[in-house]
Amino acid sequence: MIDYNVNAKTLTFFLNGRINSTNASTVEGEINDVISAQLPECLIIDCGELEYISSAGLRIMLRLRKSYPEFKVVNVSPEVYDIFEMTGFTEMMEVRKAYREVSVEGCEIIGEGANGKVYRIDGETIVKVYDNSESIDDVQRERELARKAFVKGVPTAISYDVVKVGDCYGSVFELLNAKSFASLLIENPSELDKLTRLFAELLKKIHSTVFKAGELPQAKAQTLKRIGLLESWLPETDYSKLYSLVSAVPDSCSMIHGDYHLKNIMMQDGEPMLIDTDTICVGNPIFELGHMYNSLLGYSDVYRDNVKEFIGIPYETAEEFWNKALKYYLGTEDESVIRTVEKKAKIVGYSRVMNRFVRHGGMDTPHSRAEIENCRHQFATLLPQVDELAL
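Description of the structure in this document. No experiment lies behind these values; they were computed from the predicted model shown. (Residues numbered from 1 in each chain as written. Predicted model: local features only at pLDDT ≥ 70, side-chain atom pairs only at ≥ 80, totals over all residues. Heavy atoms only, no water.)

## Considerations on the packing of aromatic side chains
Right, so step 1: Per the stated rule, a full pass over the model turns up 8 aromatic pairs.
Right, so step 2: Taking 5.5 Å as the distance between ring centres and 80° as the angle between the ring planes, the aromatic pair formed by Tyr99 and Tyr169 counts as edge-to-face. Of the two residues, Tyr99 is situated in the loop between strand 5 (94-97) and strand 6 (100-101) and Tyr169 in strand 11 (residues 168-174); the sequence distance between them amounts to 70 residues. Both residues of the pair, Tyr99 and Tyr169, belong to the buried class.
Right, so step 3: Here the aromatic rings of Tyr239 and Tyr243 are separated by 5.9 Å at their centres, their planes lie at 35°, and the arrangement is tilted. Here the residue Tyr239 and the residue Tyr243 both occupy positions in helix 9 (residues 236-247), the gap between them amounting to 4 residues, near one helical turn.
Right, so step 4: Classification of Tyr239 by relative accessible area gives buried; the value is 11%.
Right, so step 5: Of the residues examined, Tyr243 reaches a relative accessible area of 33% and is grouped as partly exposed.
Right, so step 6: Here Lys152 stacks its cationic end above the ring of Phe211, 5.2 Å away from the centre of that ring.
Right, so step 7: Here the basic side chain of Arg356 rests over the ring of Tyr299, its NZ or CZ set 5.0 Å away from the ring centre. (Phe/Tyr/Trp six-rings, centres within 6.5 Å; stacked < 30°, edge-to-face > 60°. Helix = DSSP H or I, 4+ residues; strand = E, 2+ residues; numbered from the N terminus. Buried < 20%, exposed > 50% of the residue type's maximum accessible area, 1.4 Å probe, protein only. Lys NZ or Arg CZ within 6 Å of the ring centre and 35° of its normal.)

Okay, here's the thing in C-alpha cells:
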C-alpha cells in the first residue's frame, strides 16, 4: 500500500521504488482509492524514494493533474527529474527537485532580516535561510529578483543552488572571501569615510536603475498598508497628515533594495555587492532612506544598544555613518538640505517602527510601549515641519 498523509485538505502520496508498465495500474488504483476516501482539494506526489518512472507512470501523473489544478510533484531525485524534463512534464505541471541538505550549526551569522538569516558556511559560500518552513516559493522569488537586478547591472549575488536546512529552505551563494560592510567597519573603524562613500555610490546606482511599470511592487503601496494599521494609534490629525504625505509621493519605477543596511552589502574583490534581495521593489528613494535610517538609528532611539546588537557598531558610529552617507548620497554639504531630507526619512522610518511594535506587543510590554510613545512624539514633532516627502 502506498504511504500518504493528509494535512487539512491537502493529500500527499509518498512513492517509492519503480513505477513501470508492470505495476502502474496497481499504483493508480491505490491512489484513486485513497482519493475517494479522503476527497482532497490539493494533491501532492512526493517522489523522495522513487527510483524510476516509466511512460505508464507519467500518464498517471497527467491524469491526476487534470483532476487537480494545484497538483505538485516534489522531492524528485535528479535522475527522475531528468525523465520529467525530457518528456516535457516540467512544462505541464509543477515538478520540484529534491534539495541538498546542509547544516548551519556553528556557522557565523553575517546578516539577518525580517524573513531569515544569512550564514557563512565556509570561506567561499554563504546561505540565506528563510525562517518559514513553507518558504520555498519565497526562495525562488528572491532568486528571480536578484537575477533581474543583476541583468540591469546592479552588482548582486546570484544564488546557484537551493538547499534544505533542517525543516527550512535556503539559497546558496558563492562569495569568495567576501565580508559585509558591518564586519569591515568593525574591524577598521578608520575606514568609515571610505565605506560611507561606497555605500552611497551603490545606493545611487540602485536608485538609477529603472524597471518596467508593473514589473515589481511599489514601495508606496507597501508603506500605505503599514500606515493603515496605525490609524487608531495616532491622533487623527497626525494620522491624516502622515497618510496624505505618503499618498502624494508619485509612483516611480526606480529600483529600491528595501532593506539597505551594512549587513546586506558585501565587499568582494573591492566591489560592493548586494545580498538579501527578497525586498527589492520600486519607488521614490525616500522609502529606501526611511528603512536605512531605521537600521542605523530609528530602532535605537529607545534602546541605544540595539544597533550594537544588530550591526555591531556603537550608536555614535551609526550616527556618524548615517550623516556621512546622507551627505555623499545627496552630493551636498548644505546642512539645511541634509536635515530636510533627514526629516522626510524619519517620517517614513518611524511609520515602520511603529507598525512593527503595534503588531508585536502593542502596549503589553514596557519596551513596546516606550517605542510606540517615541514614534507618537516623533510624528508630533516632524509632521508639522514637512509638506512633501518625495525627493
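## Remarks on the state of the cysteines
Right, so step 1: With the rule as written, the count across this model stands at 0 disulfides.
Right, so step 2: A disulfide-free cysteine, Cys281 has its sulfur positioned 12 Å from the sulfur of Cys253, the nearest such atom. (Disulfide = S-S within 2.5 Å.)

## Examining the pattern of salt bridges
Right, so step 1: On inspection of all chains with the given rule, the structure shows 17 salt bridges.
Right, so step 2: Asp276 is the salt-bridge partner of Lys128, the closest N and O atoms lying 2.3 Å from each other. Pair noted here: Lys128 is in strand 9 (residues 125-130) and Asp276 is in the loop between strand 15 (271-274) and strand 16 (281-282), with a separation of 148 residues, a long-range link.
Right, so step 3: With relative accessibility at 5%, the residue Asp276 sits in the buried group.
Right, so step 4: The residue Lys179 makes a salt bridge to Glu187 at a minimum N-O spacing of 3.0 Å.
Right, so step 5: Take Glu187: its relative accessible area is 44%, and that puts it in the partly exposed class.
Right, so step 6: Within the structure, one salt-bridge network assembled from shared partners comprises Lys128, Glu142, Asp276 and Asp278. (Salt bridge = Lys/Arg side-chain N within 4 Å of Asp/Glu carboxyl O.)

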